[in-house]
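Secondary and tertiary structure notes
Now for the letters of each chain:
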Amino acid sequence: MLWSLSPFGEAKVGIPYGIMKGLNEYVVFIFCFLANIAVFPLMMFFLDKINRYFLKWRFYKKSALFIAKRAKTGSGEKIEKFGFLGLVLFVMIPLPGTGVYAGSIASYLFKIERKQAFFANMTGIFFSSLIVWLITVFSTNGV
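Below you will find a few notes about this structure. (Residues numbered from 1 in each chain as written. Predicted model: local features only at pLDDT ≥ 70, side-chain atom pairs only at ≥ 80, totals over all residues. Heavy atoms only, no water.)

Some words on the overall build of the protein
The secondary structure content of the protein amounts to 7 helices and 0 strands. The secondary structure elements of the protein, listed N-terminal to C-terminal, are α-α-α-α-α-α-α. A compact globule built from 143 residues would reach a C-alpha radius of gyration of about 15 Å, and the protein, at 16 Å, matches this within 12%. By principal-axis analysis of the C-alpha atoms, the protein measures approximately 50 × 35 × 25 Å. Here the protein, with 143 residues, has 40% of them falling under the buried criterion. Pairs at least 24 residues apart make up 71% of the contacts formed inside the protein by residues separated by at least 6 positions. Of the roughly 8800 Å² of accessible surface on the protein, 71% is carried by carbon and sulfur atoms. For the protein, the separation between the mean place of its 16 positive charges and that of its 6 negative charges on side chains is 11 Å. (Helix = DSSP H or I, 4+ residues; strand = E, 2+ residues; numbered from the N terminus. Rg over C-alpha atoms; globule rule 2.2 N^0.38 Å. Buried < 20%, exposed > 50% of the residue type's maximum accessible area, 1.4 Å probe, protein only. Contact = heavy atoms within 4.5 Å. Areas by Shrake-Rupley, 256 points an atom, 1.4 Å probe, with all protein chains shown as cover. Lys, Arg positive; Asp, Glu negative; His and termini not counted. Charge placed at Lys NZ, Arg CZ, Asp CG, Glu CD.)

A look at helix H3 (residues 25–54)
In H3, a bend of some 45° at Leu-47 exceeds every other bend along the element. Among the residues of H3, the N-terminal cap falls to Asn-24, whose side-chain oxygen and the backbone nitrogen of Tyr-26 are separated by 2.8 Å. (Bend = angle between axes of the 7 residues up to and from the residue. Polar contact = N/O pair within 3.5 Å; in protein donor to acceptor, adjacent residues only side chain to side chain.)

Regarding the packing of helix H2 (residues 10–20) against H3
Any two packed helices are characterised by how steeply their axes cross, that is the angle between the axes, and by the distance between the axes. Two elements in contact, H2 and H3, have axes separated by 9 Å at closest approach and are oriented at 155°. Classified by the interaxial angle, the pair formed by H2 and H3 is roughly antiparallel. Like other packed secondary-structure pairs, H2 and H3 cross with a definite hand, here right-handed. When H2 is examined against H3, the residues Glu-10, Ala-11, Gly-14, Ile-15, Gly-18 and Ile-19 are found in contact with a partner set consisting of Glu-25, Val-28, Phe-29, Cys-32 and Asn-36. (Axes fitted to C-alpha atoms, helices over the stretch in contact; angles between N-to-C directions. Parallel < 35°, antiparallel > 145°, perpendicular 65-115°, else oblique. Left-handed = near helix turned anticlockwise from the far one by under 90°.)

Some details on unusual backbone geometry
Notably, Lys-111 is not glycine yet its phi reads approximately 55°, a positive angle. Along the chain, Lys-111 falls in the loop between helix H6 (100–109) and helix H7 (114–140).

Here we look at the packing of aromatic side chains
Two aromatic rings, taken as a pair, are described by how far apart their centres are and by the angle between their planes. Counted according to the given criterion, the structure contains 12 aromatic pairs. A ring pair is formed by Phe-29 and Phe-126, whose centres lie 5.9 Å apart and whose planes are at 85°; its orientation type is edge-to-face. Of this pair, Phe-29 sits in helix H3 while Phe-126 sits in helix H7, and the two are 97 residues apart along the sequence. Of the aromatic side chains, those joined through ring pairs into one cluster are Tyr-26, Phe-29, Phe-33, Phe-126, Phe-127 and Trp-133. (Phe/Tyr/Trp six-rings, centres within 6.5 Å; stacked < 30°, edge-to-face > 60°.)

Description of the pattern of salt bridges
A complete count under the given rule lists 1 salt bridge for this structure. Two residues, Asp-48 and Arg-114, come together in a salt bridge whose shortest N-O distance is 2.7 Å. Here Arg-114 lies in helix H7 and Asp-48 lies in helix H3, a separation of 66 residues in the sequence. Using a relative accessible area of 28% as the deciding quantity, one classes Asp-48 as partly exposed. Under the relative-accessibility criterion, Arg-114 is labelled partly exposed at 35%. (Salt bridge = Lys/Arg side-chain N within 4 Å of Asp/Glu carboxyl O.)

If you want it as structure tokens, here you go:
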């Protein structure tokens, strides 16, 4: 679960880690998925309430601007063109730099309505987790 909460892996790392440790594959999926969903409200709280105080520090501001530019260029066209579905697809791709952290930042930057952004991120997380789970289960069972 901790890997799934972490920006260094999310469920993309949490699921294989849990299954490789011999935990029940269904329990791993559920808990990693739920932990990854919990990131969205935490990120929105951070971006709404705490971010503005950190922007006073030069290093943080430069880092935040770099991440914002990257999120806009990486997901901007998809989200602007396809809206909800574009955000789902961006979060769904199980590659580094995509996922709920990037999806939350993109939702914030593009000022997507919170409820819609939450459901888009949740749907993307589900499919991303499912892809990683299936690959991990089939590769560890030798099928």
